[in-house]
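Chain and residue survey
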Amino acid sequence: EAIDLIINAPLNKVKGKIYNIASGQTYTIIEVVNLIAKLIGSGTPLFGKKITRKSESEILKSNQENFKNDFDWQAKVSFKVGIKKIIDYRTKMKN
């Protein structure tokens, strides 16, 4: 739905803007990686194998206010359901 809103919006409404489509929930990188590994049913994340830069964040939080204000939109699915839908779509397109 959110992507359709952007695609069908008048160009002058979206030109030059950056939108975050988000659930409003906060997750650590470790939580996201573990969720993806669980949903795909394979892989073992190796945390701590790569040294992170001081500027890298360990938490993912997206500010969706621009999109919410411009399109009067709120997420209708949770972050976990959204990730599952992306995985299912990518798997379907791969096969």
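For the structure given in this document, a descriptive report is provided here. For clarity, every value in this text was computed on a predicted model and none was experimentally measured. (Residues numbered from 1 in each chain as written. Predicted model: local features only at pLDDT ≥ 70, side-chain atom pairs only at ≥ 80, totals over all residues. Heavy atoms only, no water.)

So, about the overall build of the chain. Scanning the chain from N- to C-terminus turns up 5 helices and 2 strands. Moving toward the C terminus, one meets the helices and strands of the chain in the order α-α-β-α-β-α-α. In summary, the chain has a C-alpha radius of gyration of 16 Å against a globular reference of 12 Å for 95 residues, an excess of more than 25%. Projected onto the principal axes, the alpha-carbon positions of the chain cover approximately 45 × 40 × 20 Å. Each of the 95 residues in the chain was classed as buried or not, and the buried ones make up 17%. Counted over contacts in the chain with a minimum sequence separation of 6, partners at least 24 positions apart contribute 79%. For the chain, the computed accessible surface area is about 8000 Å², with 55% contributed by carbon and sulfur atoms. The centroid of the 17 positive side-chain charges in the chain is displaced by 6 Å from the centroid of its 9 negative side-chain charges. (Helix = DSSP H or I, 4+ residues; strand = E, 2+ residues; numbered from the N terminus. Rg over C-alpha atoms; globule rule 2.2 N^0.38 Å. Buried < 20%, exposed > 50% of the residue type's maximum accessible area, 1.4 Å probe, protein only. Contact = heavy atoms within 4.5 Å. Areas by Shrake-Rupley, 256 points an atom, 1.4 Å probe, with all protein chains shown as cover. Lys, Arg positive; Asp, Glu negative; His and termini not counted. Charge placed at Lys NZ, Arg CZ, Asp CG, Glu CD.)

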